[in-house]
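Fold and geometry: a report
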Amino acid sequence: MGALSHLRIVEIGSSPAASYCVRLFADFGADVQKVEPLAGDPLRRAAPLTPKGQGAWFAFLNFNKSSVVLDARDPGASARLSEMIAGCDILVDGRDIDAADCPAIDLAALKRCNPGLIHVETSWFGHEGPYANFAATDSTIRALTGLVKLIGPEEGPPMHAPDFQTGIFGGLWGFIAAASSVIGRMRDGLGRSHHLSVFEASIAVTEYIMFESFTRGDIIRRIGVNRFWPTFPVGIYETRQGWLGVTTVTPAQWRAFCEMLGLPELRDNPTLFLGVDRLQHVEMIESRILPKLKQRTAQEWFAEGLRRKIPIVPVPEIADLVGDEEKRARGAIVPIEIGDERGFTAGSMQRLIGTPPRRGGRVPGIGEAQAGIGSVSTLPAAAPVAAAGGLPLAGIRVIDFSMGWAGPVCTRTLADLGADVIKIEAIQYPDWWRGVDRRPAYVLEKQYEKTVRYCIMNRNKRGITLDLTQDRGLNLAQRLVADADLVVDNYSVDVLPKLGLGYNVVSKLNPKLVMMSMSAFGSGSMLRDCRAYGSTLEQGSGLPSVVGDPDGPPVMSHTAFGDAVGGLNGCAAVLTALINAQLTGKGQFIDLSQIECMMPFAAPWIVAHSIDGRKPERYGNRHPDFVPHGCFRCAGEDGWILVAVSDDAMWPRLARLLGRDDWASAAALKTVAGRRGIESEIEAAITAWTSKRTPDEAMNALQAEGIASGVARLPIELLKDPQLQARGFIQEVDRAFIGRHPQPSLPFREGDKPLPIRSAPPTLGEHNREILVGLLGLTDAEIEQLARDGVIGTEMLMEEELVKEKNMAAG
C-alpha cells in the first residue's frame, strides 16, 4: 500500500504543471482520474514522439493514472464531472493554461458540498497584474524569469534549453501546496484552495542570483557558453573521450584542480585565488586547461578527481542514463508502457525507504481505466485535532541540519507553511552561505550576518548553535530530535552518522521520526563520496546533452541549477513521508539523490531514446512543434525577446504585425510544416521588426495580438518586474545587520496576497536560550557553561581561533 493510496485525485485541463503535480501523487499510490476530451490531452501530441507517434513528454507526466473521457457537448458531462469532484480529496486544475474542452463545473457549489476538498489551480501568471492575460509557453516564461539571458555566447543570442522545465517547477510547487494541505486537513478537517503561478514557481531557480544582485548591483552578464558568475571554472569541457563537468568553488578545489592538470603556475598565482578573480582571466586559464583536459578521457579524469575531492563528473548522453544499472536499481530510471511500446523514463525522485514509490507503470490510452487504479485503500483518515484555520504545517517540528541552498530552501518552504523549523549551526562551522572567509576583518565586521543569499533561504526559522563534535552538543541535538517530526540534512552521507546522529540511532530515540539525507548521489550510490555542487548535479543529469546547437558542446543552463531542484524535491518527499507518519505513527528514512532530481528535465528524451534508440535531436533556439520560435535581437544594449508561435492561429496575427499580409493569407504557411520551409526567412523578418523596438515595447505589441513572447530579462530586473510588484511577490523584511531587504514569496496563495513572512532569518545562535531553556529545560548556569566551552555561541570563530580549539581538543 503506497504512502498516498488513501487519496483520490481528479485532474482537469491540460497543463504540464498540473499533470506533474498529480503524477507525484500517483507515484505513491493515489487513485488519479485524469479527465480528457475526445481527442485526448493535447500534450499527447507534443514532441518528442515515439516511433508510433506517442508523446514522450505526456508519457512521463501521466503513467499510473486512469483516463476518463468527457465530451463537453454531452449534456450529462458536467454532472458526471461534478460527481467525480464531489467524491475526491484533491482537484488539480490546469484549465487556465489550457481548458482542453473541459465540461463546465460550479466550483463554489462543489466546495460547499465537499468542505474537505483541496483545490490547486495553475495558471501562467496568476489572475491579476499586467501579465495576467499574456499568452505564454515554457520558454517565454523562462525568459521572463531570468533563466535565458545569462546562457550562451557573449555576443548572443542567448541560448535556452528545450521545453519541459516550467512544468516540473510548477508541478513540484503544486504538489507541495496540495500535500501540505492534506496535513492541514488532518489537523482541522478542512480543505484549502491554492492558486499557483507558473511564472513565480520558476523563480525558485533564479532567486539566488536575483537577490544577490540586490547587494552586488547590476554586474552579472552573459559571459559565454558554459561560463557563469560568480566563479570559474564552472562548465563543461571536452576530453580525449567524452565531456567533463568541472566546478571549482573553494581555493582548495582550485589548487587541487591545477595540481591534477600539472599546472603549478596557475595554482600558485595569487591573482587566481578566488573564483571572482579567475573570472577576470578566463581566456588565459582556458588556454592552459583545455589542452590538458584533452590528454585523458572523462572517466579517467573523474576517477582522479574523486581521489582528490574535486567536484567533477562525466557529462552523460541520454543513452548513458538509459543504460545506467545503478539508476535502474534505485528507481531513478523505471520501465514504462505506452500502448504496445516499451521503454524507460525517469521515475520518482522521492526515494522513501519505508513506503517506496511505484517502479514504473503504464500510460493510459484515451479513456483507459487501469487495473488496480480507481479504488482507494481503506486506510482511515486522521481525525481533526485542532480548530479550523491557520497554516497547514502548524504543529510540525523540523530539526534542520542543512546549509547552503538545497536543504535550506526545502526547510524554508516548510517554515513558510507553518512548521517550527530549528536551524542548527555551530560557531566553528556556520552555514557556508554566510561565507567561508575566516579572516579577522570578515569575522570582526560580522560579514557572515550580512549575506542576502543566507537570509532568503532561512526566514521564518529559529536558529541555534551546537558543536556536535562535543558530547554535550551531540546530546542536546539528540534531545531535540527525540521530540521532532522531521530531520533534514544535506551534508555528505557519512557526516551525521559519524557524529552519532544517523537514522539507526535517532529512529530508536523517536520511532515516528522522518529523516531525509539530501546528498548529491544518494547514500547507497557507488558515487556517494563524490563532491558536488548544484552545477555538478546539472552536468551529470543528462540535460546539457540536449541543449544547444546540433554541432556544439553540451550546454549548461545555470550556475547551480540542481540546488533549487533538489530542495523542491526534498520538500515533496518529506511531505509524503509526514502524511504517512501522521496516519500510521511510523517514521522512515528518505535517501534523496540530488543528481537524480535533475533527471525529469531530460525525461522526454529518455522515453523516446529508450524506444527508438536514436540520439536526441538538438534544435538550438528553434522548436520541434512551434515555427517560428527563437530569441531575437531588440533595440538597446543586449536587448532580446523570446517569441513562440505556439499554435497555428497565432501565425497570421504575427505575419500582419510584421507587415507581411501575404504570409498571413498564404495557405502553405498555415501549418508548422509549411512554415518550416521558410523558417530562416521568417526569423530574419522578426529580427528586422524587433531590432527597432526595445524588448518591452516588442513584448507589449506582440502580446496585444495574443502572440506568446517574453523579454529575456536579467535576474536583477525581476526586483522591479511589474507583474511581481502588482502581486506583492517580493516582500521586504527588516533584520539586524542587514536592514530592510527583499524576500521572495511562495508561488501559490490562498487569497489575493501571498503568505506574509512571519520572522526574519536568525542571526547566529539567536534562539539559543529560547530553545535550550524553553524546550529542553536547561538552567542559566548550564547555558553559561556551554558558552564558555564553545558548545554554543553567537559569534563565528576566526581561523586562528578554530585552529587553537582543534589543537586543544587534540591535546
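One can find the structure itself at the top, above this paragraph.
So, here is what we can say about the structure in this document. (Residues numbered from 1 in each chain as written. Predicted model: local features only at pLDDT ≥ 70, side-chain atom pairs only at ≥ 80, totals over all residues. Heavy atoms only, no water.)

1. Some words on the pattern of salt bridges
Under the defined criterion, the tally for this structure stands at 61 salt bridges. The residue Arg727 makes a salt bridge to Glu128 at a minimum N-O spacing of 2.2 Å. Here Arg727, found in the loop between helix H31 (722–726) and strand S22 (730–735), pairs with Glu128, found in the loop between strand S5 (118–123) and helix H5 (138–144); they are 599 residues apart in sequence, far enough to count as distant. You can call Glu128 partly exposed: its relative accessible area is 28%. Taken together, the shared-partner salt bridges in this structure form one network comprising Arg397, Asp420, Arg462, Asp483 and Glu770. (Salt bridge = Lys/Arg side-chain N within 4 Å of Asp/Glu carboxyl O. Helix = DSSP H or I, 4+ residues; strand = E, 2+ residues; numbered from the N terminus. Buried < 20%, exposed > 50% of the residue type's maximum accessible area, 1.4 Å probe, protein only.)

2. Examining the packing of aromatic side chains
Inspection of every chain in the model, using the stated rule, returns 20 aromatic pairs. Taken together, a centroid distance of 4.4 Å and an interplanar angle of 50° make the contact between Phe25 and Phe175 tilted. Of this pair, Phe25 sits in helix H1 (residues 16–26) while Phe175 sits in helix H6 (residues 165–188), and the two are 150 residues apart along the sequence. Both residues of the pair, Phe25 and Phe175, count as buried. Note on Phe125 and Phe199: the rings are 5.4 Å apart at their centroids and 55° apart in plane angle, and the pair reads as tilted. Of this pair, Phe125 sits in the loop between S5 and H5 while Phe199 is found in helix H7 (residues 198–202), placing the two residues 74 residues apart along the sequence. (Phe/Tyr/Trp six-rings, centres within 6.5 Å; stacked < 30°, edge-to-face > 60°.)

3. Looking at the side chain of Asp400
As for its placement among the helices and strands, Asp400 is situated in strand S13 (residues 397–400). Here the side chain of Asp400 touches Ser402 through a polar contact of 2.5 Å, side chain to side chain. (Polar contact = N/O pair within 3.5 Å; in protein donor to acceptor, adjacent residues only side chain to side chain.)

4. Focus on the sheet that holds strand S11 (residues 341–346)
Pairing is mixed in the open sheet, where 3 strands are placed in the order S11-S10-S12. Both outer strands of the open sheet, S11 and strand S12 (361–363), are each paired with one neighbouring strand and no more. When the angles between neighbouring strand axes are averaged without regard to direction, this sheet yields 40°. One ladder, built from 3 bridges, connects strand S10 (residues 333–338) with S12; its direction is parallel. Across the sheet, the residue bridging to Ile336 is Gly361, located in S12. (Pairing = 2+ DSSP bridges. Axes fitted to C-alpha atoms, helices over the stretch in contact; angles between N-to-C directions.)

5. Some details on the environment of Gln280
Residue position: Gln280 is located in the loop between helix H11 (275–278) and helix H12 (282–293). Judged by its relative accessible area of 63%, Gln280 falls in the exposed class. A sequence separation of 48 residues divides Gln280 from Phe232, and the C-alpha atoms of the two residues are 9.3 Å apart.

6. Things to note about helix H16 (residues 406–416)
Extensive coverage of H16 is indicated by the burial of 11 of its 11 residues. Of the positions making up H16, those classed as buried are Ala406, Gly407, Pro408, Val409, Cys410, Thr411, Arg412, Thr413, Leu414, Ala415 and Asp416.

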